[in-house]
Amino acid sequence: MCTTLTHAPEASVRAALRSPKLLRTEVLAGLVVALALIPEAISFSIIAGVDPRIGLFASFTMAVSIAFLGGRPAMISAATGAVALVIAPVMRDHGYDHLIATVLLGGLIQVALAAVGIARLMRFIPRSVMVGFVNALAILIFEAQLDHLIDVPWAVYPMLAVGIAVIVGLPRVTTVIPAPLVAIVALTAFTLLAAINVPDVGDEGELPDSLPSWFIPDVPFDLDTLEVIAPYALAMALVGLLESLLTAKLVDDITDTGSDKTREALGQGAANVITGFFGGMGGCAMIGQTMINVKVSGARTRISTFLAGLFLLILVVGFGDVVALIPMAALVAVMVMVSVGTFDWHSIRPRTLRRMPRSETAVMVATVLVTVFTHNLAAGVGVGVLVAMTLFARRVAHLTETNRELVEDEHGTVAVYRVTGELFFASSNDLYTQFEYADDPDRVVIDLSDSHIWDASTVASLDAITTKYERKGKAVEITGLNPSSAERHGRLSGELPSH
């Protein structure tokens, strides 16, 4: 029986523009995201070793570009820590112009990877890796807030508590205005009226006072430059696409809508190229800000993404003096609740852990640990996928069985081995030991009617079995091969070196 997966209809830009209620949601969501982006972009600029305006301009151009070019409506793209970590060595060792050249090349590589269908590889990422990815990101979002809670005036802590209380409690009273926006405005007003001296956005770095301008990196366009920037550009492209596509899949699940992953990959590449030509440090999808936009504020269209970028530019360039007064405690309260909302608490409930296969839990834990300790999402997901593949191969290999039966016919006794299960490198390596070479009669039949040959390792094992019997003067016949297995066996048998 075949079933078709259906999605809820996606809210369109046209529908939002026609509905004052939907439009208000999109506008306010964009404003909240823009406020949350400012300290993040500044901190990521510091990680990359560039001036804060480089990260802020990158967040503006990424958000505005992806609003038009991306395949996942309402997802936020901007300067990110993952990309900053990858390209930081280029800035440190070769300077700003090489960094921008790296961003441009990274964007072009993303476009090329999208064109060859890298988005289709998302189906090979297991659910347990996705859960680990989400939980690790929640932990990293929370961990990033700790710097703003250590060695700070005591007033920060009650302000943080009030901010969290507003974000949790206000939606139970009204959802007309996003609770994070109310918390930010209220705590900022209180700080100014009470003249309390607490860390604010202005302490994070100087805000720009001019618009971004066209920039061409002053680097030699030759193989020497390519040799320097190519490894970092490739790493940036892979990390950016991985984080973006995983975030898009997460938003798909939250909103019960589909998205065009290939278009998203193309859009990420194009947005990085545009960002590079405006002197930005590049970026990718941001799960924290995306959760603020989609889960906390309820945005569903490209309007919120576009306005997040536009408001960011207006706030830092036109109202920089005002934005600089926002207490960090307010923004930390928002991000703490984002981390709490992002974490999949169901995945660590004792009841869930008892029911979940241990291999699935191991994959999730491996993904979380590697991501948290390395701060590298690509490494965490890569390790998670490898662990999942290894455990899956081990599980499938154990399902392979070999049964021996002695059969009498007009020519005498025949040893018939019936092999059941999938034959590949993990299962076929043990196949060689399942035969009684010394005790079997002169004729041996290996029946593969209930098996399938998947790789060269299996063919090599069958060749080794046949060769061992032949050395003892016994004849082996392989029967029951399906067309695919027969083609693979016929093509490779006798052509593989013995070890």
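Data block above holds the structure.
The rules behind the values
Residues numbered from 1 in each chain as written. Predicted model: local features only at pLDDT ≥ 70, side-chain atom pairs only at ≥ 80, totals over all residues. Heavy atoms only, no water. Helix = DSSP H or I, 4+ residues; strand = E, 2+ residues; numbered from the N terminus. Buried < 20%, exposed > 50% of the residue type's maximum accessible area, 1.4 Å probe, protein only. Contact = heavy atoms within 4.5 Å. Salt bridge = Lys/Arg side-chain N within 4 Å of Asp/Glu carboxyl O. Pairing = 2+ DSSP bridges. Axes fitted to C-alpha atoms, helices over the stretch in contact; angles between N-to-C directions. Right-handed = clockwise from strand over helix to strand, strands pointing away. Core = buried A, V, L, I, M, F, W, Y, C linked by side-chain atoms within 4.5 Å. Phe/Tyr/Trp six-rings, centres within 6.5 Å; stacked < 30°, edge-to-face > 60°. Polar contact = N/O pair within 3.5 Å; in protein donor to acceptor, adjacent residues only side chain to side chain.

With respect to the helices and strands, Thr-188 occurs in helix α8 (residues 179-194). With a relative accessible area of 12%, Thr-188 lands in the buried category. In this structure Thr-188 touches Leu-325, Ile-326 and Pro-327, once residues within four positions along its chain are discounted.

Counted under the stated rule, the structure contains 10 salt bridges. Here Arg-53 and Asp-51 are joined by a salt bridge, their closest N and O atoms 3.8 Å apart. Note on Asp-51: relative accessible area 41%, which makes it partly exposed. Note that Asp-447 is salt-bridged to Arg-418, the shortest N-O span being 3.9 Å. Taken together, the residues Asp-447 in strand β5 (residues 443-453) and Arg-418 in strand β4 (residues 412-423) connect sequence positions 29 residues apart.

Before going further, it helps to spend a moment on unusual backbone geometry. The backbone of Ala-74 sits at a positive phi, close to 75 degrees, despite the residue not being glycine. Not every positive phi belongs to a glycine, and Asp-256 is a case in point at roughly 55 degrees. Along the polypeptide, Asp-256 turns up in the loop between α9 (223-255) and α10 (261-277). Among the residues examined, Asp-256 registers a relative accessible area of 40% and is labelled partly exposed.

Now for the sheet that holds β4. What the four strands build is an open sheet, ordered β3-β4-β5-β6; its pairing is mixed. Among the strands making up the open sheet, the edge pair consists of β3 (401-409) and β6 (475-479). When the angles between neighbouring strand axes are averaged without regard to direction, this sheet yields 20 degrees. Sheet topology note: the β3/β4 ladder contains nine bridges and is antiparallel. Counted as the bridge partner of Asn-403 is Arg-418 from β4. On top of the sheet, helix α20 (residues 483-492) reaches β5 and β6; it is set at about 120 degrees to β5, its chief contact.

Quick look at the pairing of β4 now. Once β3 ends, the chain turns through two residues before running back antiparallel as β4. Bridging between β4 and β5 involves nine bridges; their strand directions are parallel. By the bridge assignment for β5, Val-414 is matched with Arg-443. What joins β4 to β5 is helix α18 (residues 425-431), and the crossover it makes is right-handed.

Among the 10 residues in helix α11 (residues 287-296), eight count as buried, and that is most of the element. Inspection of α11 places Ile-287, Gly-288, Gln-289, Thr-290, Met-291, Ile-292, Asn-293 and Val-294 among the buried residues, and these make up the whole buried set. Check the buried side of α11 and you find it contacts α2 (20-48), α6 (127-145), α9, β2 (284-285), α12 (302-318) and α14 (328-342). Phi for Gly-298, located one or two positions after α11, is positive at around 80 degrees.

Turning next to the nonpolar core. As a rule of thumb, soluble globular proteins bury nonpolar side chains together. Counting residues in hydrophobic clusters, the biggest one holds 99 residues, and the most contacted among them are Ile-38, Ile-125 and Met-281. The biggest single contributor to this core is α2, with 12 residues. Those residues in contact with Ile-125 that lie beyond four places of it in its chain are Met-130, Leu-242, Leu-246, Val-381 and Val-385.

Moving on, we get to the packing of aromatic side chains. In this structure the tally under the stated criterion is 11 aromatic pairs. With centroids separated by 5.2 Å and ring planes inclined at 55 degrees, the aromatic side chains of Tyr-96 and Phe-215 adopt a geometry described as tilted. Placement of the pair is Tyr-96 in helix α5 (residues 96-115) and Phe-215 in the loop between α8 and α9, with a sequence separation of 119 residues. On the basis of relative accessible area, Tyr-96 is assigned to the partly exposed category, the value being 22%.

With respect to the secondary-structure elements, Arg-404 resides in strand β3. In this structure, the C-alpha to C-alpha distance between Arg-404 and Ile-177, residues 227 residues apart in sequence, is 73 Å. Once residues lying within four places of it in the same chain are set aside, the contact partners of Arg-404 are Val-416, Tyr-417, Glu-436, Asp-439 and Asp-440. Only 3.2 Å separates the side chain of Arg-404 from the side chain of Tyr-417, close enough to count as a polar contact. At a separation of 2.8 Å, a polar atom in the side chain of Arg-404 contacts the side chain of Asp-440.

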